[in-house]
Structure formats: structure tokens, C-alpha cells
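Breakdown of the fold
Chain by chain, the residues run as shown.
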Number of protein chains: 2
Amino acid sequence: MNISVLGCGRWGTFLAWYANRVHHTVTLWGRPGSKNLMTLTAEHKNEYLELPESVRLTDDLEEAVRSAEIILISISAQQLRSFLKTVSKLPGLKDKTFVLCMKGLEADTGKRLTQVFKEEMGAAAHVGVWLGPGHVQDFTRNIPNCMVVGSDEIGVTKKVVEAFNSDLIRFYYGQDLIGNEIGAATKNVMGIAAGMLDGAGYSSLKGALMARGTRELSRIVRAMGGNDITIYGLSHLGDYEATLFSPHSNNRRFGEDYVKGIPFHKLAEGVATVEALHHLSQEYEVELPICHALYEILFEHKETSKVLIDLFLRPVKFEF
Amino acid sequence: MNISVLGCGRWGTFLAWYANRVHHTVTLWGRPGSKNLMTLTAEHKNEYLELPESVRLTDDLEEAVRSAEIILISISAQQLRSFLKTVSKLPGLKDKTFVLCMKGLEADTGKRLTQVFKEEMGAAAHVGVWLGPGHVQDFTRNIPNCMVVGSDEIGVTKKVVEAFNSDLIRFYYGQDLIGNEIGAATKNVMGIAAGMLDGAGYSSLKGALMARGTRELSRIVRAMGGNDITIYGLSHLGDYEATLFSPHSNNRRFGEDYVKGIPFHKLAEGVATVEALHHLSQEYEVELPICHALYEILFEHKETSKVLIDLFLRPVKFEF
């Protein structure tokens, strides 16, 4: 099958590598002038993997979209809407299947990425998500993992799983698009919180963070019409190893550096999600104490250690 | 209040230290000849903490029980029944409150520890459990955590929380004794599985382990009459940081050493729990794929890596 991957960052490049590995004909697109694309064109590798010569590299978006049956998108979540405004003007989109391989929420609206997609591409466009745990470094060393694919259309879910399932990535069929999208986005928020606990010397509170954090997120998922058990699945809890415990996690590292006063060059994706959750908490009238604490720290500049400790030492009460 | 702690291992000694810190009059009991007790008597400290002189040490069980209003028990789970056969013959037990501060299930019956307690001490005896995350090393450095107290009698729960709540341990009222006991015991099983993944070089599968493991355990809790959400609370998921990710976790270490073929001197508590779960899985007719895989490895000596990988690469299916 012809597959195109839009976005040639770490994950997008991995997706191209993986699609090739499961015997598809692959095009990897990066925007004109992209430094990642230039490196890949020159060396056919990046710091994580080597791309086979058969993966075609291009900066021609129209051609990348036209030539593919399934199009995987892996760009920054906050750039999705403007990117799709360009994509939506391209010809011949009708029968294409798009898969969003990204984790985030639109910061200033709290919208899920498939909502943004449908608003820009039209309600009839076919879209799914591909989420869950997995380090590029592990996959390229042949260490398998489980991931989840979801969509409002079961046909899309099945098509994507059938195209990409292998002994390296075992897919589960997602049954709750709302829960999976919120779960995938918010694991980055829990990653920042975990990093802050690490940085403040309170790593042992990461257990309580997991138990209390999943609890409040499952409430917002239910309020939004999702299933309150989904947060405990692969897209959220299943990604905690990579996000809350790995020294490589960008979001965890961001939280740790923030507490330690180490300057950071790039905001973690979870920061935008904290802002999005602030909107969702108000819109759906659901209390999110941990997410709110992060909002106070990151957007209202309250003292991190005090906010974190107050959070975990709230008055005694029933657990659920 | 007069508090006695029965058992002077690492956790029992911590409980005595903590009860003293929250201003109780504390007796710490160890069995006659106990090496831990001898060290404590000679030095009033162990490798983790220093006991204040005001904590009285004794090997007189009758006196330790008689003098206390609340009695905390922290011994090996598999010795609880025979220990209680002795305790139950002591005079004046009627108004005492016992708290089981231990995590396990009876290996050859699958019974919960409060079930064992009631069978030996009588149905009218007052008993609660004190469970959840927390490292001794952190508490003694003044790093707080959240824990959970539960009982079939709300009066017991409230009494114990009131007696022990502080700015170091913030308690939640447990609402599901079955779920909390199963959760606390089985987190050791997940710890062994995590250690095996670490030892086999598959640490990144610990995310999938968390998502899939909690799922199967919540099914057995529900089948036993508990609430299927409890597994995601402090007693189980909340203890994952300490159990699945800490290099100090006995159960995780056991799993890692097992895979690497490093001889181990003492079976981890989770091994007995794997046996107990084997009984429960049959009794309640609930499939527990991860627990069963550990049973095959530990009791039927199947090849660890193959069993683990087969487990995570089972055929594609719906997640919940």
C-alpha cells in the first residue's frame, strides 16, 4: 500500500521507517526548508535510525498526499489547524484515510485533534488516531510494544490496524475516541507533574500522582461523553512508563528543569495541554485539582513546591 | 493513645517510629530470639531509622497486646494464620482494634488477610488494613505520601485515620476492603512481572503491563464482590512507583534476578500471591493472563522471555 507520512521529526521519521518495515511503499514529507528533511536527504538517517533508500523523501505536499492511500500526520499539535487549512485545499482527498499520530489538545479551545481535523477537512473526511506507548530507540532495537488505533468509523480503525499490525507493534482496537484522545494528550501533563515531583525530591509521590491523576482525568472524559475506564488503557496509563519514569521524556524533563530553575529552550507539548484542560475544566464544570495546580504553577507563577505539597496533603476524604 | 506494633522488620519498626512521631505511647514487639529485636534493643536503630528511647521494645506478646488500644500487625503474610492462633488465645481482646499493615494473600487458599483474621479471631473482632505507597527512607527524610485505611466497619476506619493522620501521611478512607486487599497484594505480582521485563531488556513494556495488568485485576476484584475501580487507587496503582520502578523493590528485584539467573535467597511475597491468584482465577472463573503467565514461569518453569513476549503479542483485539 502507498503510505505517506507528513512530518519528519523523530516520530514521523520512525513511522516512515516502520511503514517500510511492514512492506509499504513509503513517502516521507517535510516542509520546504525543514532542517530534519535536509539531514535525512543528505544522510538518510537521523540520530535514532537509518531510513532505507526505498523511503522517498519530499517537500512536495500535494504529491505526498496524492500518492498515498493512508496518510499519517505527525506534526506539532498546535500547528495542526493551520497545516490542515493547507491540506484541505489539495485535490483528490475524498477516499484518503488520515491518521493523527500526535498527542495534544488545541490550547486555546480545548478541542481534540480529530475535532480540529473535521472542522478543517469536513465531517465526511476519514480520520483515525494512532496512540500509546513506545520509544523509537526500543522499536529500532526490535523491542515490541502495544499501541492503540481509534476512530469514529470502525472501518478506519480496522483498515489502519490491518495495514500496520506486526510482531513489533501489536495494536488494540480503540473503542472510545474521546477517552483515547484526552488520555494521550493528558499523559504529557502528568509527565510534567512527575518531572516537577522528581525535581523537588518528591519522586515517591509519583505513585499518588498516578492514582489521583487518572481519577480526575477519568472524570473529565466521562463529562465529555467518553468512557471513564479509557484513561486506564494504553493511550494514557499505558504510556506512563515512557512519560513519567523515563529520563528521555520531554515533558518529564521539562517539569524537572522548571522546578530546578534550569532554562528550557522549548516548551513541552504538555504545557499547551494544561491550558486546554483549564478551558475544559470550566466548560464541563469538572474539578481537576492536579491539572489546576499545574496551571497555577505554569501560568500564574505560583511557588511549585508549595502548590504540589498542598495538593497531596489536602484534607482526608474518601478515595473515589 | 497506647499503640503496639507486632513485628519489628523494616515496616513494623517504621510504624513504631511513626506512631511515636504522632504522639502515641508505643510498644514494639518482636518474637523471642528475633535478630531484628536484638539489634533494636542493643542500638535502638536499624539501617533505616533511629527509634526514640520512648518506644518500648518487648518480646512479651501478651503484654504488648494487653497494653494497647490499637494493635498494628506487620509480619509475613504467610505466617499470619499461625501467628493469630497464638494471639487469639490471649485474654482481653474484645475491645481492641487490630490493623493489618501487610500486603499478601494466603497462598494455598487465596484468602484475603482480613478473612484469615476473622477466621482465627472471630467474626466480631475489629480489624482494618493500612495500605498504599511509601518508602521508609522517604518518610524518615520527611517526604510525605498518601495512604489508605479500610475496614468493614467505618468506625474502625475513622478511628485509625484519626489516630495516625499527619502532615507526613495523609490518609484516604478506603471504601472497598476486597478491592484494597486484592490490590495491595497483587501489586507485588506486578512488581515481579516488571522486574522480569527489566531483566529481559523489555522495560518499555512496563507501560503495557500497567494498562493490561490493572485491567485483569479489576476483573477479579469485581468477580469477588469488590469495586472494579479500586485497583486504580492508592493501594494498587498508587504503589506502582515504589514497586514497578524502584530499584529497592524486593519484588521487582526478585523478577529481575530470576530472569538473569541470579540466585535469590528469599522468595518475594509476590510469589505466594501468584499461587493465591491461581486459586482465585479458578474459583471465580476469571481469566488472568498476566498472573497466569507468572504462574507458568515460577511454578511450571516455562521459559520466561517466551512467555512474556507471547503475552504481549496476543492477537489483536478490543482493549476493554
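Residues numbered from 1 in each chain as written. Chains lettered and ligands numbered in written order. Predicted model: local features only at pLDDT ≥ 70, side-chain atom pairs only at ≥ 80, totals over all residues. Heavy atoms only, no water.

Within an unreviewed UniProt entry, the label attached to chain A reads Glycerol-3-phosphate dehydrogenase, and the organism entered is Zhenhengia yiwuensis. A UniProt comment under Catalytic activity (unreviewed entry) is attached to chain A, and it reads "sn-glycerol 3-phosphate + NADP(+) = dihydroxyacetone phosphate + NADPH + H(+)". Annotation of chain A in UniProt includes, under Sequence similarities (unreviewed entry), the sentence "Belongs to the NAD-dependent glycerol-3-phosphate dehydrogenase family." (UniProt positions renumbered as here; feature names shortened; annotations may be inferred.)

Structural notes on the overall build of chain A
Regarding its fold elements, chain A presents 14 helices and nine strands. The proportion of buried residues among the 320 residues of chain A is 64%. When contacts within chain A are restricted to residue pairs at least 6 apart in sequence, those whose partners lie at least 24 apart make up 71%. For chain A, the exposed area adds up to about 12200 Å²; of that, 48% sits on carbon and sulfur atoms. Between the averaged position of the 34 positive side-chain charges in chain A and that of its 38 negative side-chain charges there is a distance of 1 Å. (Helix = DSSP H or I, 4+ residues; strand = E, 2+ residues; numbered from the N terminus. Buried < 20%, exposed > 50% of the residue type's maximum accessible area, 1.4 Å probe, protein only. Contact = heavy atoms within 4.5 Å. Areas by Shrake-Rupley, 256 points an atom, 1.4 Å probe, with all protein chains shown as cover. Lys, Arg positive; Asp, Glu negative; His and termini not counted. Charge placed at Lys NZ, Arg CZ, Asp CG, Glu CD.)

Quick notes on the environment of B:Gly12
All names here are of chain B. Tracing the sequence through the fold places Gly12 in helix H1 (residues 10-21). In this structure, the C-alpha to C-alpha distance between Gly12 and Cys101, residues 89 residues apart in sequence, is 8.2 Å. Excluding residues within four positions of it along the chain, Gly12 makes contact with Val5, Gly7, Leu28 and Ser74.

Remarks on the UniProt feature "domain: Glycerol-3-phosphate dehydrogenase NAD-dependent C-terminal" (unreviewed entry) in chain A
The positions that UniProt labels "domain: Glycerol-3-phosphate dehydrogenase NAD-dependent C-terminal" (unreviewed entry) are, in the present scheme, residues 176-307 of chain A. The span residues 176-307 of chain A carries 67% helix and 0% strand; its end-to-end C-alpha distance comes to 33 Å.

Let's talk about helix H7 (residues 154-164) of chain B
Those residues of H7(B) lying buried are B:Val156, B:Thr157, B:Val160, B:Val161, B:Ala163 and B:Phe164. Along the long axis of H7(B), the arc covered by the buried residues comes to 165°, so they all point the same way. (Arc of directions from axis to C-beta.)

Observations regarding the packing of helix H12 (residues 269-283) of chain B against helix H13 (residues 289-299) of chain B
Residues and elements named next belong to chain B. Contact pair H12 / H13: the axes reach a minimum separation of 9 Å and the direction vectors enclose 120°. Classified by the angle their axes make, H12 and H13 are oblique. Note on packing geometry: the crossing formed by H12 with H13 is left-handed. The segment H12 lies against H13, with Val271, Val274, Glu275, Leu277 and His278 engaging Cys291, His292, Leu294, Tyr295, Leu298 and Phe299. (Axes fitted to C-alpha atoms, helices over the stretch in contact; angles between N-to-C directions. Parallel < 35°, antiparallel > 145°, perpendicular 65-115°, else oblique. Left-handed = near helix turned anticlockwise from the far one by under 90°.)

Digging into the UniProt feature "active site" (unreviewed entry) in chain A
Residues and elements named next belong to chain A. The positions that UniProt labels "active site" (unreviewed entry) are, in the present scheme, Lys187. With respect to the element layout, Lys187 can be found in helix H8 (residues 177-199). Those residues in contact with Lys187 that sit more than four places away from it in its chain are Lys103, Ser235, His236, Asp239, Tyr240, Thr243 and Leu244.

With respect to the domain arrangement of chain A
Residue and element names in this part refer to chain A. Domain boundaries assigned for chain A yield domain 1 (2-173) and domain 2 (178-312). For domain 1 and domain 2, the distance between their C-alpha centres works out to 25 Å. Of the roughly 1900 Å² buried between domain 1 and domain 2, counting both surfaces, carbon and sulfur atoms make up 62%. When the buried area of domain 1 at its contact with domain 2 is split by residue, Lys103, Leu105 and Arg112 rank highest and sum to 30% of it. In this assembly, domain 1 and domain 2 are joined by two salt bridges. One salt bridge in this structure joins Arg112 and Glu181, with 2.9 Å as the shortest N-O distance. The tally of links from domain 1 across to domain 2 stands at seven residue pairs in polar contact (both at pLDDT 80 or more). At the level of secondary structure, the elements contributing two or more residues to the side of domain 1 that touches domain 2 comprise helix H5 (113-121), strand E6 (126-131) and strand E7 (145-151). With three residues, the top contributor of residues to the side of domain 1 that touches domain 2 is E7. Residues belonging to the side of domain 1 that touches domain 2 are distributed by class as follows: 11 nonpolar, 10 polar and five charged. (Domains from an automatic or database assignment. Buried area = accessible area lost by both parts, 1.4 Å probe. Salt bridge = Lys/Arg side-chain N within 4 Å of Asp/Glu carboxyl O. Polar contact = N/O pair within 3.5 Å; in protein donor to acceptor, adjacent residues only side chain to side chain. Nonpolar A, V, L, I, M, F, W, Y, C, P; charged D, E, K, R; others polar.)

Section: H1(B)
Residues and elements named next belong to chain B. Its 12 residues give H1 an end-to-end C-alpha distance of 17 Å, which sits within 8% of 16 Å, the value for a rise of 1.5 Å per residue. Burial of H1 is extensive: nine of the 12 residues sit out of reach of the surface. Of the positions making up H1, those classed as buried are Gly12, Thr13, Phe14, Leu15, Ala16, Trp17, Tyr18, Ala19 and Asn20. At the C-terminal side of H1, His23 shows a positive phi close to 75°. (Expected span 1.5 Å × (residues − 1).)

Examining the state of the cysteines
All chains considered together, the criterion is met by zero disulfides over all chains. The cysteine A:Cys101 is free of any disulfide, with A:Cys8 supplying the nearest cysteine sulfur at 14 Å. This cysteine, A:Cys291, is not joined by any disulfide, and B:Cys146 carries the nearest cysteine sulfur, 16 Å off. A relative accessible area of 4% places A:Cys291 in the buried class. (Disulfide = S-S within 2.5 Å.)

Digging into the relation of the copies chain B and chain A
Mapping chain B onto chain A calls for a screw motion: a turn of 180° about the axis and a shift of 0.0 Å along it, with 0.0 Å RMSD after fitting. In symmetry terms, the pair is related by a two-fold rotation axis. By residue overlap, the copies meet face to face through one surface: 100% of the interface positions of chain B are interface positions in chain A. (Least-squares fit on C-alpha atoms with pLDDT ≥ 70 in both.)

Quick notes on the pairing of strand E1 (residues 2-6) of chain A
Successive side chains on a regular strand alternate, one facing one side of the sheet and the next facing the other. All names here are of chain A. E1 sits mainly inside the fold: four of its five residues count as buried. Across five bridges, the pairing between E1 and strand E2 (residues 25-29) is parallel. Of the residues in E2, the one forming a bridge with Ile3 is Val26. In this view, the connection linking E1 to its parallel neighbour E2 by way of helix H1 (residues 10-21) has right-handed handedness. Pairing geometry for E1 and strand E4 (residues 70-73), over four bridges, is parallel. In the sheet register, Ser4 faces E4, and the bridge partner there is Ile71. (Pairing = 2+ DSSP bridges. Right-handed = clockwise from strand over helix to strand, strands pointing away.)

Things to note about the pattern of salt bridges
Evaluation of the coordinates by the stated rule reveals 42 salt bridges over all chains. With a closest N to O distance of 2.7 Å, A:Arg81 and A:Glu106 form a salt bridge. Of the two residues, A:Arg81 sits in helix H4 (residues 80-87) while A:Glu106 sits in the loop between strand E5 (97-100) and H5, which places them 25 residues apart along the sequence. Residue A:Arg81 shares its accessibility class with A:Glu106, and that shared class is buried. Across the pair B:Lys103 and B:Asp239 runs a salt bridge whose closest N-O atoms are separated by 2.7 Å. Of this pair, B:Lys103 sits in the loop between strand E5 (97-100) and helix H5 (113-121) while B:Asp239 sits in the loop between helix H9 (206-223) and helix H10 (240-245), and the two are 136 residues apart along the sequence. Salt bridges sharing partners connect three or more residues here, namely A:Arg81, A:Lys85, A:Glu106, A:Lys111, A:Glu119 and A:Glu120.

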